[in-house]
Amino acid sequence: MPLPSRDVLGPLAAVLADTDVTDVFVNPDGRVWVDRGAGAALEGGLRIPAGEARELAVRLVAAGGRHLDEATPCADVSLGDGIRVHGVLPPVSPRAAVLSIRVPRSERLPLERLESDGFFERVPRAVVDGLVARRANLLVTGAGGSGKTTLLAALLSSAPATERIVVVEDVGELRVDHPHVVRLEARQANLEGRGAIGLDRLVREALRMRPDRLVVGECRGSELRELLMALNTGHDGGAGTLHANSLADVPARLEALGVLAGWGAEALARQAVSALDAVLHVERDAAGRRRLAEAGELRLTPRGQLAVAESA
């Protein structure tokens, strides 16, 4: 995976060149925390002064084609082949700039590799193989850094080569090893506040591209409405990810996003149950190991409320 030049990466060049690194955090106090798969740890001997941290944040975001300044103090960009950079400047971060960098693995992990790493110890791999084969619509859930994107990429990579996959993301992060993938990324407004293209519109654009599998990298707002409506109109094999702490929390998270999309709880429940065939919840344990913890199905209670039941 090609990295930006050392001139762009500055004091983080050596850390980001380490193939074991998955996340890098630059805090307002100048300390750098690095995750190499076992949780974030302080990187000894590396401290970035406030002025240098600001310059680094602005430079990294500019390398991704966006602006980071007083008018736009927060930005999220993708660099190279999936490096995700989130930068925040004062006054939003009062003391100094903050950087959060997510680094994808240098190698794409197929289902076979995940299986050998113990990812499917709790839920057998045969379960997910069956879901892909029957073109089930999937929701992959979990906390940040739990492996949602890794699992979704592996599932999509195992889809038949004849299928057309259209991926919609806010910032490009999903890396699918498949011969027929089209990627669409949202666009922020320019300095005049114009030209923004959100995920909800991109989902509608994707439907015009005749996808065999429509994928939304992360559902965080009104794009959930567009995805569920699309999956309810004959688009099988679709997928999305959602932040949730447990399988039991998924209905509440969906209801919260439904409010953002202008849906009441009952409307959201009926759309979600009809559109989504399975929920796959992933987690990361105290040792940093990622695994598929639970698989479930969305249900309607007798009172029409959204619920989830663990698959047998």
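Residue positions are given per chain, counted from 1 along the sequence in the order it is written. With the structure being a predicted model, the display of local features is reserved for residues of pLDDT at least 70 and the display and counting of side-chain atom pairs for 80 or more, all residues being used for whole-chain, interface and lining totals. Derived side-chain values reflect all non-hydrogen atoms in the structure, with water molecules and hydrogen atoms excluded from consideration.

### Some words on the overall build of the protein
Secondary structure assignment for the protein yields 10 helices and 14 strands. Both definitions apply: the radius of gyration is a C-alpha atom measure, and the globule rule equals 2.2 Å times residues to the power 0.38. For 312 residues, the compact-globule estimate of 2.2 N^0.38 gives 20 Å, and the C-alpha radius of gyration of the protein, at 20 Å, lies within 12% of that figure. Principal axes of the C-alpha set define a box for the protein whose edges measure 60 × 45 × 40 Å. With a 1.4 Å probe rolled over the protein chains alone, any residue whose accessible area is under 20% of its type maximum counts as buried; one over 50% counts as exposed, and the rest are partly exposed. With 312 residues in all, the protein has 47% of them scored as buried. Taking all contacts inside the protein whose residues are at least 6 apart in sequence as the whole, residues at least 24 apart take part in 54%. Looking at the protein as shown, the accessible area adds up to about 14200 Å², and 49% of this sits on carbon and sulfur atoms. Once the 38 positive and 42 negative side-chain charges of the protein are each reduced to a mean point, those two points are 2 Å apart. Secondary structure elements are taken from DSSP: a helix is a run of H or I of four residues or more, a strand is a run of E of two residues or more, and numbering for both begins at the N terminus. Any two residues whose heavy atoms approach within 4.5 Å are treated as being in contact. Note on areas: Shrake-Rupley with a 1.4 Å probe; residue coverage comes only from the protein chains shown. Here Asp and Glu are counted as negative and Lys and Arg as positive; His is not counted, and neither are the chain ends. Every charge is mapped onto a representative atom, which is NZ of Lys, CZ of Arg, CG of Asp or CD of Glu.

### Observations regarding the sheet that holds strand S2 (residues 31–35)
Within a sheet, neighbouring strands are paired by backbone hydrogen bonds and run either parallel or antiparallel to one another. Read across the sheet, 6 strands follow the order S3-S2-S1-S6-S5-S4 without closing on themselves; strand pairing throughout is antiparallel. Pairing within the sheet leaves two strands with one partner each, and these edge strands are strand S3 (40–47) and strand S4 (74–79). When the angles between neighbouring strand axes are averaged without regard to direction, this sheet yields 20°. Sheet topology note: the strand S1 (residues 23–26)/S2 ladder contains 4 bridges and is antiparallel. Among the inter-strand pairings, Phe-25 is bridged to a residue of S2, identified as Trp-33. Between N-to-C directions, angles span 0 to 180 degrees; the directions come from axes that are lines fitted to C-alpha atoms, helices contributing only their stretch in contact. Along the sheet, helix H3 (residues 50–63) contacts S4, strand S5 (83–88) and strand S6 (98–102); its crossing angle with S4, the most-contacted strand, is approximately 55°. Only strands joined by at least two bridges in the DSSP assignment are considered to pair.

### Focus: the sheet that holds strand S11 (residues 239–243)
In space, the 8 strands of this open sheet follow the order S9-S8-S10-S11-S7-S12-S13-S14, with mixed pairing throughout. One side of each edge strand has no neighbouring strand; the edge strands of this open sheet are strand S9 (181–185) and strand S14 (306–310). Pairwise comparison of adjacent strand axes, ignoring direction, gives a mean angle of 25° for this sheet. Judged from the 4 bridges that link them, strand S8 (residues 165–169) and strand S10 (residues 213–216) form a sheet pairing that is parallel. Note that in S10 the partner of Val-168 across the bridge is Val-216. Running at roughly 155° to strand S7 (residues 138–142), helix H6 (residues 148–157) makes contact with S7, S8, S10, S11, strand S12 (278–284) and strand S13 (290–300) of the sheet. Relative to S10, helix H8 (residues 223–231) is tilted by about 165°, and along the sheet it contacts S10 and S11.

### A closer look at the pattern of salt bridges
Criterion for a salt bridge: a side-chain nitrogen of Lys or Arg within 4 Å of a carboxyl oxygen of Asp or Glu. Scanning the model with the defined rule gives 23 salt bridges in all. Notably, a salt bridge pairs Glu-112 with Arg-125, separated by 3.1 Å at the nearest N-O pair. Taken as a pair, Glu-112 in helix H4 (residues 111–116) and Arg-125 in helix H5 (residues 125–133) lie far apart in primary sequence, 13 residues in all. When its relative accessible area of 47% is taken as the criterion, Glu-112 is described as partly exposed. Relative accessible area serves as the criterion here: at 16%, Arg-125 is assigned to the buried category. Notably, a salt bridge pairs Arg-122 with Glu-283, separated by 3.2 Å at the nearest N-O pair. Of this pair, Arg-122 sits in the loop between H4 and H5 while Glu-283 is found in strand S12, placing the two residues 161 residues apart along the sequence. The partly exposed category is assigned to Arg-122, whose relative accessible area is 47%. Within the structure, one salt-bridge network assembled from shared partners comprises Glu-112, Glu-115, Arg-125 and Asp-129.

### What about helix H10 (residues 265–275)?
Residues of H10 that are buried include every one of Leu-268, Ala-269, Ala-272 and Ala-275, and no others. Seen from one end, H10 has its buried residues packed into an arc of 150°, which puts them on one side. Taken together, the buried residues of H10 touch H8, helix H9 (250–260), S13 and S14. Directions from the helix axis toward the C-beta atoms define the arc.

### Section: unusual backbone geometry
Only a minority of non-glycine residues have a phi that is not negative, and only a minority of peptide bonds are not trans. In the segment running from Pro-90 into Pro-91, the intervening peptide bond is cis, with an omega of 10°. In this structure, Pro-91 sits in the loop between S5 and S6. A positive phi angle, near 55°, is found at Arg-135, a position not held by glycine. On the basis of relative accessibility, which here comes to 25%, the residue Arg-135 falls in the partly exposed class. Positive phi values are uncommon outside glycine, yet Arg-210 reaches one of about 50°. Of note, Arg-210 is situated in the loop between helix H7 (199–207) and S10.

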